[in-house]
Amino acid sequence: MSYDLYIPATQWKLVGIPVSGVTIGDIDDNLATNTVGGVSKVGIGYYDSESGAWSVYAASSTGTSLAQTKGYEMIHSSGDVVRFSGSLRTGSRSTIATYTNKWTLLGNPYPSYLRLTDDASGASGSNYFLNSTHLGYLKNTHQALYGWDGQAYDTYSNDAGALDLLMPGDAFFVYGASEETFSFTESMQVHSGGIGFRGSAAQGATDDSKNRLASIKFLMSDEFGTNKYLTVKFGDQYSLGLDPGADLGAFAYGESHIYTQLAEGYENTDFTVQSLPYEKLDDMIVSLGIESPIGTMKLNYKENLLPDYIDMYLEDTKENTLKKTLVSEDQVSHNFKFEWPNSYWFIAERTNGRLAMIGFMAVIINYTLFGWIAYPCLLYTSDAADE
């Protein structure tokens, strides 16, 4: 059988091999090529978990088989559909083994959608990927899949989210708790479509009395082309400590890094998602770390799903001014320069006039941060680093 998958030309795509018996020579006709160190390379590579590095195949490796037990990266010469032709797998498929406290790239081995989370239609027992057995294979701070959405790596877990199915041809990273092999089974397959990692949709906020949920998601980008997300969520089901599957460790890649740390415990772990009690929405301070070797960084919000009754303010303690920000999405603030030992905070105000920190602190040395859009705002405090 054959399965067609679009491969872009502007960036690498993570790919799972949907049929068996495929070699590099079967699909490399229109993939990108390059010469590195005198060796001609083709646009297919794999992630080496032991070394934590990518390896790209030589153009001469036409006979190398592409295994369904792991994921790959691919890039096209012009951006087009690549056809995978081979045999349809009808049985279960085990993956390559994970490593303790290391990342492993896995891929969907079927030309069909798979149930990903416990919220997927018909999910029960072990017929979805993030089942209880597989969660035990993941480190408790990283109980999620990490997939590339076309802009940055995002997290997908059993916690609230819009993505419940894994697309054919998708690949993703997992962070192992030990040396284990995951299983893709026929019972996980579903005959339906979905949006996939590259079409993830945001869920709206809810403030009902039974299941309150709110969140804000930021996008950091630097001049090296690195993009990263950071999300803070507030919900009645969350605690100040670790909530496995809801608090998710950061995936360190690229030149710059953005992360938060839990309010309680796990001081040595950086997180890309922190989930907090909803009751703390208007009186919680959340630490934020941003690291970059040099240059200019932008920090914008990607999704603002905080309740409508929360207003954002900009406070400059040097000038002793407090300014309410507008909520139009095209509003961009002035440039701000982060210099040691200054710290910056977001603050929120309920409509009853009570000010409260919900904030995000960043301690940066000589970098420029700009591009704040709409809701995000800053509180400038020159002595916060001493607290």
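What you are looking at is a predicted structure, and each value in this text was computed from that prediction instead of being measured.

A. Up close: the environment of Leu130. Locating Leu130 in the fold gives a position in the loop between strand S10 (113-115) and helix H2 (132-137). Residue Leu130 is classed as buried on the basis of its relative accessible area, which comes to 0%. Put simply, Leu130 and Ala144 are 14 residues apart on the chain and 7.6 Å apart in space, counted from C-alpha to C-alpha. Not counting residues within four places of it along the chain, the set of residues in contact with Leu130 comprises Leu116, Thr117, Leu135, Leu138, Leu145, Tyr156, Ser157 and Asn158.

B. Layout of the confidence of the model for the chain. On average, the chain scores 77 in pLDDT, and the residues at 70 or more come to 73%. Of the regions scoring below 50 in pLDDT, residues 199-206 engages in 19 contacts with residues more than four places distant in sequence or in other chains. Under a pLDDT of 50 for its full length, residues 323-387 has, in the predicted model, 193 contacts with residues more than four places off or in other chains.

C. Region of the structure containing the side chain of Thr260. Structurally, Thr260 can be placed in strand S20 (residues 257-260). A relative accessible area of 1% places Thr260 in the buried class. Here the side chain of Thr260 touches Gln274 through a polar contact of 3.0 Å, side chain to side chain. Ignoring anything within four residues of it in the chain, the contact list for Thr260 reads Leu230, Thr269, Asp270, Phe271, Gln274, Val286 and Ser287.

Parameters at a glance
- Every chain begins its residue count from 1, and numbering advances along the sequence as written.
- Per-residue local features of the predicted model are confined to residues with pLDDT of at least 70, and side-chain atom pairs are confined, for both listing and counting, to 80 or more; whole-chain, interface and lining totals are unaffected and use all residues.
- Just so you know, side-chain values use all the structure's heavy atoms and leave hydrogens and water out.
- A helix here means a DSSP run of H or I that spans at least four residues, while a strand means a run of E at least two residues long, and both kinds are numbered starting from the N terminus.
- Categorising residues by exposure relies on relative accessible area from a 1.4 Å probe, with only protein chains included: less than 20% of the type maximum marks a residue as buried, more than 50% marks it as exposed, and the intermediate range marks it as partly exposed.
- Note on contacts: a residue pair qualifies if any of its non-hydrogen atoms lie within 4.5 Å across the two residues.
- pLDDT is a residue-level measure of predictor confidence that goes from 0 to 100.
- N or O atoms closer than or at 3.5 Å make up a polar contact, with two conditions inside protein: a donor-capable atom paired with an acceptor-capable one, and, for residues adjacent in sequence, both atoms drawn from side chains.

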